[in-house]
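Each chain, written out:
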Amino acid sequence: MKANGCCTMVGPMNAEMKQRKVATHRRRGKITECAARPEELCDTGEEKTDTDKNMATIFQILKTQRRARLENLILNRRSFAQTVENLFALSFLVKDGRVQINVDEKGTHLISPRNAPAATLISSGQVAYSHFVFKFNFQDWKLMLDTVPVGEELMPDREELRMPHSQA
């Protein structure tokens, strides 16, 4: 009995031994600090990012207010994106230990400033970084708009970030 089918060949047809390539070793030169990093990181004129500016603004507000409700601190009535950016900046302040979040008996999240731990305590492991996870979507932002009275938002609106309307 003969069966028709497909025949396949596994491996190369030419079974000759290939000659091994000899590895060439290069002598490594000294890597300078600036050459080890991309150009934009070598620039010593440290320019603040938008997140850094937002962090500074939030911390200034908290230094003057001493305590603020989470919703009032991060809400931007005109922009969901800026509210998310405010929450993002707040997360860095919490991570660095410069801000703490407490929940009162009513379930309100209260934000207050605090002194950041010394770098030696962090490096020794006596103090650990803390993080928080926050579910926040467009529907939550809409609810927040109803919760916070108009005019009680603490973060200023960053209008320069908005796209200018094209005039036709």
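Residues numbered from 1 in each chain as written. Predicted model: local features only at pLDDT ≥ 70, side-chain atom pairs only at ≥ 80, totals over all residues. Heavy atoms only, no water.

J.: What am I meant to see in the pattern of salt bridges here?
T.: When their charged atoms lie close together, side chains carrying opposite charge are able to pair. Counting across every chain of the model gives 6 salt bridges. For Arg69, the salt bridge identified is with Glu71, shortest N-O distance 3.2 Å. On the accessibility criterion, Arg69 (33% relative accessible area) is partly exposed. With a closest N to O distance of 3.0 Å, Asp157 and Arg78 form a salt bridge. Here the residue Asp157 occupies a position in the segment after α6 (138–147), and Arg78 occupies one in the loop between α3 (70–74) and α4 (80–95), the gap between them amounting to 79 residues. (Salt bridge = Lys/Arg side-chain N within 4 Å of Asp/Glu carboxyl O. Buried < 20%, exposed > 50% of the residue type's maximum accessible area, 1.4 Å probe, protein only. Helix = DSSP H or I, 4+ residues; strand = E, 2+ residues; numbered from the N terminus.)

J.: Sorry, what's going on with the nonpolar core here?
T.: Looking at soluble globular proteins, one finds that nonpolar side chains tend to be buried together. Of all hydrophobic cores here, the largest spans 23 residues; its most connected members are Ile58, Leu62, Leu73, Leu90, Val99 and Ile111. Of all elements in the fold, only α2 (50–65), α3, α4 and α6 reach the threshold of two or more residues within this core. If we ignore the near neighbours within four places in the chain, the residues touching Leu73 are Ile58, Ile61, Leu62, Leu90, Ile111, Leu154 and Met155. (Core = buried A, V, L, I, M, F, W, Y, C linked by side-chain atoms within 4.5 Å. Contact = heavy atoms within 4.5 Å.)

J.: Got a minute to help me understand the side chain of Asn54 in this structure?
T.: Mapped onto the secondary structure, Asn54 falls in helix α2. Note on Asn54: relative accessible area 6%, which makes it buried. Among all residues touching Asn54, those that are not within four sequence positions of it are Glu85, Asn86, Ala89, Met155 and Arg158.

J.: Even after reading the chapter, I still don't get the packing of aromatic side chains, so can you show me in this structure?
T.: Centre-to-centre distance and the angle between the planes together describe a pair of aromatic rings. This model, assessed by the stated rule, comprises 5 aromatic pairs. Counting every residue linked through ring pairs, the aromatic cluster contains Phe80, Phe136, Phe138 and Trp141. Lying over the aromatic face of Phe59, Arg98 brings its terminal NZ or CZ to 4.3 Å of the ring centre. (Phe/Tyr/Trp six-rings, centres within 6.5 Å; stacked < 30°, edge-to-face > 60°. Lys NZ or Arg CZ within 6 Å of the ring centre and 35° of its normal.)

J.: Help me understand unusual backbone geometry, please; the structure alone is not making it clear to me.
T.: Most peptide bonds adopt trans geometry, and most residues besides glycine take a negative phi value. Of note in this structure, Arg66 is not a glycine but carries a positive phi near 70 degrees. Mapped onto the elements, Arg66 comes out in the loop between α2 and β1 (68–69). Among the residues examined, Arg66 registers a relative accessible area of 53% and is labelled exposed.

J.: Quick question: what am I supposed to make of the packing of α2 against α4 here?
T.: Between two packed helices, both the angle of their axes relative to each other and the distance between the axes serve to describe the pair. Packing of α2 against α4 brings their axes to within 9 Å, and their N-to-C directions diverge by 75 degrees. By the angle between their axes, α2 is roughly perpendicular relative to α4. Contacts between α2 and α4 involve Thr51, Asn54, Met55, Ile58 and Phe59 from the former and Glu85, Asn86, Phe88, Ala89, Leu90, Phe92 and Leu93 from the latter. Grouping the amino acids of the contact of α2 with α4 by side-chain chemistry returns 8 nonpolar, 3 polar and 1 charged. (Axes fitted to C-alpha atoms, helices over the stretch in contact; angles between N-to-C directions. Parallel < 35°, antiparallel > 145°, perpendicular 65-115°, else oblique. Nonpolar A, V, L, I, M, F, W, Y, C, P; charged D, E, K, R; others polar.)

J.: Would you explain the pairing of strand β2 (residues 99–103) in this entry?
T.: The side chains of a regular strand alternate between the sheet's two faces. Both β2 and strand β3 (residues 109–113) contribute to a ladder of 5 bridges, which runs antiparallel. Counted as the bridge partner of Val103 is His109 from β3. Where β2 folds back onto β3 in an antiparallel hairpin, the turn is made up of 5 residues, including Gly107, whose phi is positive at roughly 90 degrees. (Pairing = 2+ DSSP bridges.)

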